[in-house]
Amino acid sequence: QVQLVESGGGLVQPGGSERLSCAASGFTFSRYIMSWYRQAPGKEREWVASITGSGSFTNYGDSVKGRFTISRDNAKNTVYLQMNSLKPEDTAVYYCNALGRSDDVYWGQGTQVTVSS
């Protein structure tokens, strides 16, 4: 059974930092591109960042480039999103995503990040 379980998040002050984690199980983690997406109230889901199976390549959305860092630990089947210099517009539910070579896709249940003073 495939599972993606996000953790982290909560209430963060503007300018603060937070790290999200996504623990994966039920598939060969290292063979999947892992990504983070987010969805703010009333808005469409937005791609945030991706990392290849080996961790060699990463890519970021323009709105988070230079502030967020995606990483993975294949020994722990976990992907991370380090978020720095957080802004109120970063407030959203953050979702973990796994994409396989056969275009099989898995999603986590999401974790809320609220940036507010």
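Notes on the structure follow.

1. As for the pairing of strand β9 (residues 92-99)
The side chains of a regular strand alternate between the sheet's two faces. Counting buried positions along β9 yields 6 of 8 residues, so the element is predominantly enclosed. Across 7 bridges, the pairing between strand β4 (residues 33-39) and β9 is antiparallel. By the bridge assignment for β9, Tyr-37 is matched with Tyr-95. Where β9 lies against strand β10 (residues 105-107), 3 bridges are found, and the strand directions are antiparallel. Bridge assignment links Ala-98 to a residue of β10, and that residue is Tyr-106. From the end of β9 to the start of β10, which pair antiparallel, there are 5 residues, and Asp-103 there has a positive phi angle of about 60 degrees.

Reading the values: the criteria
- Per chain, residues are indexed from 1 in the order of the written sequence.
- In keeping with the model being predicted, local features are shown solely for residues with a pLDDT of at least 70 and side-chain atom pairs are shown and tallied solely at 80 or more, while totals for entire chains, interfaces and linings include all residues.
- Values shown for side chains rest on all heavy atoms present in the structure; no hydrogens or waters enter the calculation.
- Under the scheme applied here, a residue whose accessible area is under 20% of the maximum for its type counts as buried, over 50% as exposed, and between as partly exposed, the area being computed with a 1.4 Å probe on protein chains only.
- Numbering goes from the N terminus for both helices and strands, where a helix is a DSSP run of H or I of at least four residues and a strand is a run of E of at least two.
- Pairs of strands are assigned from DSSP output, requiring at least two bridges between the strands.

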